[in-house]
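Residues per chain, in single letters:
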2 protein chains.
Amino acid sequence: MAQYNSVTPELIEKFKAIAGSRVATGEDINPDFARDEMPIYGTRLPDVSIDVMSTEEVSAIMKICNENKIPVTVRGAGTGLVGACVPIAGGVLLNTAKMKKILSYDLENFVVTVQPGVLLNELAEDSLKKGYMYPPDPGEKFACLGGNVSTNAGGMRAVKYGATRDYVRAMTVVLPTGEIVKFGATVSKTSSGYSLLNLMIGSEGTLGVITELTLKLIPAPVATVSLVIPFADLDTCIATVPKILQNHLKPQALEFMERKIVISSEEFLGKAVFPRSFNGEDVGAYILCTFDSDNRDELDPIIEKAADIVLEAGAMDVLVADTPDKIRDAWAARSSFLEGIEEQTKLLDECDVVVPVTEIANFLHYVNTLEAESGFKVQSFGHAGDGNLHIYTCSNDMELDVFKAHVATFMEKVYAKATELGGQISGEHGIGMGKIDYLSKSLGPVNMRLMEGVKNVFDPNMILNPGKVCYKM
Amino acid sequence: MAQYNSVTPELIEKFKAIAGSRVATGEDINPDFARDEMPIYGTRLPDVSIDVMSTEEVSAIMKICNENKIPVTVRGAGTGLVGACVPIAGGVLLNTAKMKKILSYDLENFVVTVQPGVLLNELAEDSLKKGYMYPPDPGEKFACLGGNVSTNAGGMRAVKYGATRDYVRAMTVVLPTGEIVKFGATVSKTSSGYSLLNLMIGSEGTLGVITELTLKLIPAPVATVSLVIPFADLDTCIATVPKILQNHLKPQALEFMERKIVISSEEFLGKAVFPRSFNGEDVGAYILCTFDSDNRDELDPIIEKAADIVLEAGAMDVLVADTPDKIRDAWAARSSFLEGIEEQTKLLDECDVVVPVTEIANFLHYVNTLEAESGFKVQSFGHAGDGNLHIYTCSNDMELDVFKAHVATFMEKVYAKATELGGQISGEHGIGMGKIDYLSKSLGPVNMRLMEGVKNVFDPNMILNPGKVCYKM
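Presented here is an overview of the structure given in this document.

Each value, and the rule that gives it
Residues numbered from 1 in each chain as written. Chains lettered and ligands numbered in written order. Predicted model: local features only at pLDDT ≥ 70, side-chain atom pairs only at ≥ 80, totals over all residues. Heavy atoms only, no water. Helix = DSSP H or I, 4+ residues; strand = E, 2+ residues; numbered from the N terminus. Rg over C-alpha atoms; globule rule 2.2 N^0.38 Å. Buried < 20%, exposed > 50% of the residue type's maximum accessible area, 1.4 Å probe, protein only. Contact = heavy atoms within 4.5 Å. Areas by Shrake-Rupley, 256 points an atom, 1.4 Å probe, with all protein chains shown as cover. Lys, Arg positive; Asp, Glu negative; His and termini not counted. Charge placed at Lys NZ, Arg CZ, Asp CG, Glu CD. Least-squares fit on C-alpha atoms with pLDDT ≥ 70 in both. Pairing = 2+ DSSP bridges. Buried area = accessible area lost by both parts, 1.4 Å probe. Salt bridge = Lys/Arg side-chain N within 4 Å of Asp/Glu carboxyl O. Polar contact = N/O pair within 3.5 Å; in protein donor to acceptor, adjacent residues only side chain to side chain. Core = buried A, V, L, I, M, F, W, Y, C linked by side-chain atoms within 4.5 Å. Expected span 1.5 Å × (residues − 1). Arc of directions from axis to C-beta. Axes fitted to C-alpha atoms, helices over the stretch in contact; angles between N-to-C directions. Phe/Tyr/Trp six-rings, centres within 6.5 Å; stacked < 30°, edge-to-face > 60°. Lys NZ or Arg CZ within 6 Å of the ring centre and 35° of its normal. Parallel < 35°, antiparallel > 145°, perpendicular 65-115°, else oblique. Left-handed = near helix turned anticlockwise from the far one by under 90°. Nonpolar A, V, L, I, M, F, W, Y, C, P; charged D, E, K, R; others polar.

1. So, the overall build of chain A
A count of helices and strands for chain A gives 15 helices and 20 strands. Since a compact globule built from 473 residues should have a radius of gyration of about 23 Å, the 23 Å found for chain A is in line with a globular shape. Each principal axis of the C-alpha distribution contributes one length, and for chain A these read about 75 × 55 × 45 Å. Residues classed as buried in chain A amount to 62% of the 473 residues present. For chain A, the proportion of contacts with a sequence separation of at least 24, taken over those separated by at least 6, is 73%. Carbon together with sulfur atoms contributes 49% to the accessible area of chain A, which is approximately 16,800 Å² in total. Charged side chains of chain A number 43 positive and 62 negative; the gap between the two group centres comes to 4 Å.

2. A few points about the relation of the copies chain A and chain B
Once chain A has been moved 0.0 Å along the axis and rotated by 180 degrees, it coincides with chain B to within an RMSD of 0.0 Å. Read as a symmetry element, the transformation amounts to a two-fold axis. When the interface residues of chain A are mapped onto chain B, 100% of them again lie at the interface, so the same face is used by both copies.

3. Considerations on the pairing of strand E16 (residues 285-293) of chain B
All names here are of chain B. The buried fraction of E16 is high, at nine of nine residues. Side chains Ala285, Ile287, Cys289, Phe291 and Ser293 of E16 all project onto a buried face; the interleaved residues Tyr286, Leu288, Thr290 and Asp292 project onto the opposite face, where all are buried too. Note: strand E12 (residues 223-231) against E16, nine bridges, orientation antiparallel. When the sheet's bridge partners are listed, threonine 224 is paired in E16 with aspartate 292. Strand direction decides the pairing type here: strand E13 (residues 253-258) and E16, joined by six bridges, are antiparallel.

4. Points about the interface of chain A and chain B
Of the residues lining the interface, 81 residues belong to chain A; the matching set on chain B comes to 81 residues. Taking both partners together, chain A and chain B bury about 6,200 Å²; carbon and sulfur atoms supply 57% of that area. When the area that chain A buries against chain B is broken down by residue, the three leading residues are Lys189, Ser191 and Tyr194 of chain A, summing to 16%. For the salt bridge of lysine 250 of chain A with aspartate 294 of chain B, the shortest nitrogen-to-oxygen distance reads 2.7 Å. Our count for the contact surface shared by chain A and chain B stands at 43 residue pairs in polar contact (both at pLDDT 80 or more). Contributing elements (two or more residues each) for the side of chain A that touches chain B: strand E9 (180-184), helix H6 (196-200), helix H7 (234-246), helix H14 (436-443) and helix H15 (445-458) of chain A. It is H15 of chain A that provides the largest number of residues to the side of chain A that touches chain B, a total of 10 residues.

5. Describing the environment of serine 6 of chain A
Residues and elements named next belong to chain A. Tracing the backbone through its elements, the reader meets serine 6 in the segment before helix H1 (9-19). Placed 86 residues apart in sequence, serine 6 and valine 92 show a C-alpha to C-alpha distance of 9.8 Å. Discounting residues that sit within four places of it in the chain, serine 6 has contacts with Leu11 and Ile70.

6. Quick word on the nonpolar core
Ranked by size, the top nonpolar core spans 285 residues in total, and within it Met171 and Phe363 of chain A together with Phe15, Leu94, Met171 and Phe363 of chain B carry the most contacts. Discounting chain neighbours no more than four positions away, the residues touching leucine 94 of chain B are Ile50, Val52, Val58, Ile61, Met62, Val72, Thr73, Val74, Arg75 and Val209 of chain B. Formed by 24 residues, the second largest nonpolar core is a distinct cluster that contains Leu11, Val23, Val72 and Leu94 of chain A.

7. With respect to helix H13 (residues 400-420) of chain B
Residues and elements named next belong to chain B. Across its 21 residues, H13 extends 30 Å between first and last C-alpha, which sits within 8% of the 30 Å expected from 1.5 Å per residue. Of all the positions in H13, only Phe403, Val407, Phe410, Met411, Val414, Tyr415, Lys417 and Ala418 are classed as buried. Looking straight down H13, one finds its buried side chains confined to an arc of 150 degrees; they lie on one side. Exposed residues lying more than 90 degrees from the buried face of H13 are Asp401 and Glu420. Where H13 is buried, its residues meet strand E18 (347-351), helix H12 (360-374), strand E19 (377-383), strand E20 (388-395) and helix H14 (436-443). Note on H13: the residue one or two positions beyond its end, glycine 422, has a positive phi of about 90 degrees.

8. Examining the sheet that holds strand E3 (residues 72-75) of chain A
Hydrogen bonds between backbone atoms are what pair the strands of a sheet, whose relative direction is either parallel or antiparallel. Residues and elements named next belong to chain A. If you trace the four strands from one edge of the open sheet to the other, you get E1-E2-E4-E3, paired in mixed fashion. Here the strands that pair on one side only, and so sit at the sheet edges, are strand E1 (23-25) and E3. The mean angle between the axes of side-by-side strands here comes to 20 degrees, regardless of whether they run parallel or antiparallel. Where E1 lies against strand E2 (residues 48-51), three bridges are found, and the strand directions are antiparallel. Following the sheet pairing, alanine 24 is matched in E2 by serine 49. Here H1 sits on the sheet in contact with E1, E2 and strand E4 (92-95), set at roughly 145 degrees to E1. Relative to E4, helix H2 (residues 55-68) is tilted by about 170 degrees, and along the sheet it contacts E2, E3 and E4.

9. Some remarks on the side chain of glutamate 204 of chain A
Along the chain, glutamate 204 of chain A turns up in the loop between H6 and strand E10 (209-216). No salt bridge is formed by the buried glutamate 204 of chain A; its nearest oppositely charged neighbour, lysine 468 of chain A, is found at 8.0 Å. Not counting residues within four places of it along the chain, the set of residues in contact with glutamate 204 of chain A comprises Val82, Ala84, Ser150, Thr151, Gly430, Ile431, Gly432, Asn465 and Val469 of chain A together with Ser191 of chain B.

10. Observations regarding the sheet that holds strand E5 (residues 102-106) of chain B
Residues and elements named next belong to chain B. Here five strands make up an open sheet; going across it, the order is E5-E6-E10-E8-E9 and the pairing antiparallel. In this open sheet, the two edge strands, each paired with only one partner strand, are E5 and strand E9 (180-184). Neighbour-to-neighbour, the strand axes of this sheet turn through a mean angle of 15 degrees, independent of strand direction. Pairing of strand E8 (residues 168-174) with E9 involves five bridges; the strand directions are antiparallel.

11. Focus on the pattern of salt bridges
Residues and elements named next belong to chain A. Considering all chains together, one arrives at 42 salt bridges over all chains under this definition. For aspartate 329, the salt bridge goes to lysine 271, with nearest N and O atoms at 3.3 Å. Placement of the pair is aspartate 329 in helix H10 (residues 324-335) and lysine 271 in the loop between helix H8 (259-269) and strand E14 (277-278), with a sequence separation of 58 residues. Taking relative accessible area as the criterion, aspartate 329 reaches 25% and is therefore assigned partly exposed. As a salt-bridge pair, aspartate 437 and lysine 472 come within 2.9 Å of each other at their nearest N and O atoms. Residue aspartate 437 is found in helix H14, and its partner lysine 472 is found in the segment after H15; the two are separated by 35 residues along the sequence. Residue class for aspartate 437 comes out partly exposed when judged on its relative accessible area of 45%. Judged by relative accessible area, which is 47%, lysine 472 ranks as partly exposed.

12. Structural notes on the pairing of strand E13 (residues 253-258) of chain A
Residue and element names in this part refer to chain A. Most of E13 is tucked away, with six of its six residues classed as buried. Two strands pair when backbone bridges link them, and E13 and strand E19 (residues 377-383) are joined in this way by three bridges, in the antiparallel orientation. Within E19, the residue paired with methionine 257 across the bridge is phenylalanine 381.

13. What to know about the packing of aromatic side chains
Between two aromatic rings, the relevant description is the distance of the centres plus the angle of the planes. Tallied over the full model, the rule gives 16 aromatic pairs over all chains. A ring pair is formed by phenylalanine 381 of chain B and tyrosine 392 of chain B, whose centres lie 5.8 Å apart and whose planes are at 10 degrees; its orientation type is stacked. One end of the pair, phenylalanine 381 of chain B, is in strand E19; the other, tyrosine 392 of chain B, is in strand E20, with 11 residues separating them in the sequence. Looking at phenylalanine 381 of chain B, the relative accessible area reads 3%, which means it is buried. Looking at lysine 130 of chain A, its charged tip hangs above the ring of tyrosine 105 of chain A, at a distance of 4.7 Å from the centre.

14. Structural notes on the packing of helix H1 (residues 9-19) of chain B against helix H2 (residues 55-68) of chain B
Residues and elements named next belong to chain B. Where H1 meets H2, the closest approach of the two axes is 9 Å, and the angle between their N-to-C directions is 165 degrees. Between H1 and H2, the interaxial angle falls into the category roughly antiparallel. Crossing angle aside, the handedness with which H1 passes H2 is right-handed. Here H1 contributes Leu11, Lys14, Phe15, Ile18 and Ala19 to the contact with H2, which in turn contributes Glu57, Ala60, Ile61, Ile64, Cys65 and Asn68. Counted by class, the contact of H1 with H2 contains eight nonpolar, one polar and two charged residues.

Interpretation in functional terms is not warranted from these geometric data alone.
In structure tokens form, the structure reads like this:
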């Protein structure tokens, strides 16, 4: 177990010599810096926060902290869901949210270079103006790109375009020692030693501080259309997913949702778009999918083929959203799931397991049986195309301790089931401090030993983001 | 520096208790086991070779070797080009080439599980019969999949479909300690701790022994067409590449070749397909590209658009190969480059740098200026779509020592130039024992220290494949 030192007034003076008035202590520290979007895992303010502005500043600060064994935690927009940016050991918080420049485009090589604090939606909009798309599309559009890379964020379009990992070409990293390194290059393939680039992706700020990113772009598709497909029950709905994928249809997004979460979300929005029944029969589940193309004319045969396939597979109907307004309405309910849940819920926890696509229905039936005995409400939705499920446990009347204990029992079973079905603990949210025990149980002690060993190679004094991913405090 | 012990008769008896008659010593060892396809980096026979057949056997053998500090090297088909499978420290050679079962398909989840000794072309043919494609397509079709994963092999189709890394979902690995672990899962996205899966990919048999692989498949495209596009000079040829990629054309393969290598390859084949001149002007360079589609009708507008773009960009002509025979002929010359060079050459070395696509012409002009002063012949070709270049140094009349010295001078300059242009040492062949110094110069001491640290975490006694990638003996 690493021993840390306290931040002394002398060290604060040293930080001020580097970052001036961007160093804050005591009551000047932004209270948001104590938490992310899932405070149930614990909150704590840092002893010092520093709004860093450059690679060199980060390097100078890390050198001081490493020499003095001061814990350091990096924070972007704070939109995480597993407590990864919470400075639970105190010490220094590096706020990279102000490093928000889009530095340069190199469109002949299909890359853009950005600082880590650029928001996902800022890059998406800016690159679209140039005719390019940054494909990763997590539900949270106001996350920093540094955070997206640190969690290997996935999102709606992963089924066609892959996760963030597939769009990171290179990065500049400040190691916990303060050394500045570059991983990767503006090339699309490489076999040049161990992929330290891929090790950094998804490491949740525990191995180094990302200070610059070179990301891949693709020419933006020219047309999209969405389909809302109601089914009588979840099994038929989920069994349809492989059929869509096997028939060359390549949806850009392929989401499923159960009846109850759609109703709850539409109540939150005050607008109903999804049909609740068909020919007198209740709708039990929906697929919402989007197809894109470089050519508008190619979409019509795709829609026809998709309609044939899903109706053959037992869909009740197919609703086509082919104008920007209709597409926006169809996705509004999906996009508001978390917001709706948050507004309606006092106590909230969640998991985002990923299972093989064919096991989604199996898994959800199991979750639904657990709900009855849990004492709280369970809300589920997810990415049908890639088996990534978001399961929210919600209570408005339990005591915090009781809720936490019940959730722990529930989560233990849920993660064990996901592991048994060949899945993994997190599809896109990460491990942070909230999920270490579940990760450990799922992967086993040898995997965890390797991860902690890797952590130690990058961070010999274990000062960077202690208590996260594989290293419990 | 690790100290190794010799293989004693007692240890050989222990190996025989595990693998019986599949243990060979002395003259019974296959002489091929001393080398791969590029023997210029050095050759050596192991003290013992063992044809392993299962994960459990590999585990039992690794435990013995780890306890006794016996070096172990893993070999598949031996088609590597950087000496990665040469047992330069002697000891035990594990031959995984006989673990060649395709274990199971799970087509609803788009994966196949194989043993590491299955050959690339075996999987490609077998999955195609089921209507699926395994996209990675390195020039060497008789490589083992275990080797492909260990080098993150790229190949012709990487420009559209990515490299091997993008198709590995999970693997079973025996660590140097003999422990058996599983990395990854049958899921397309995950954020569940450090990606040890991605660390294994491209690690060239230095971190663990791959004994099972779960690989991603995609529905096979239904139609392909190839274009041969002659240009007066290399600059115009290379400058055309981004224009093809930016215009939504998504070629499956996009190769360039200079005049001299086409002529040399066609002489080797005894068949000329590529036009040598157009309207009385010599052709200086060619693009050879293939487009695929899930719908034959969609290919015609793609070909028309491609033709418009390349002619506008300065192509001399566009030749369409739209029947299987014509496509095969067009690719025969490309596929025979290495074979042709090998047949015509006594002393051979090569590099496979990768540079940003826009720097290909720049880089090749530099290489061509070096040829004049080198005293040997230089032959180049490569993947225009991803900047991965294969540069062969060939001599029939130099003494070995002189050749090696001249090549060393040449390679040093070539790798320095690639690094200066933002490239990397290897696009797909790897580092092995032939390229460690160049990797070290290109990445710098901090990157190398991290890699050696990671190696040490996986392999505390440094017994697995010593002298490769990041760990010099």
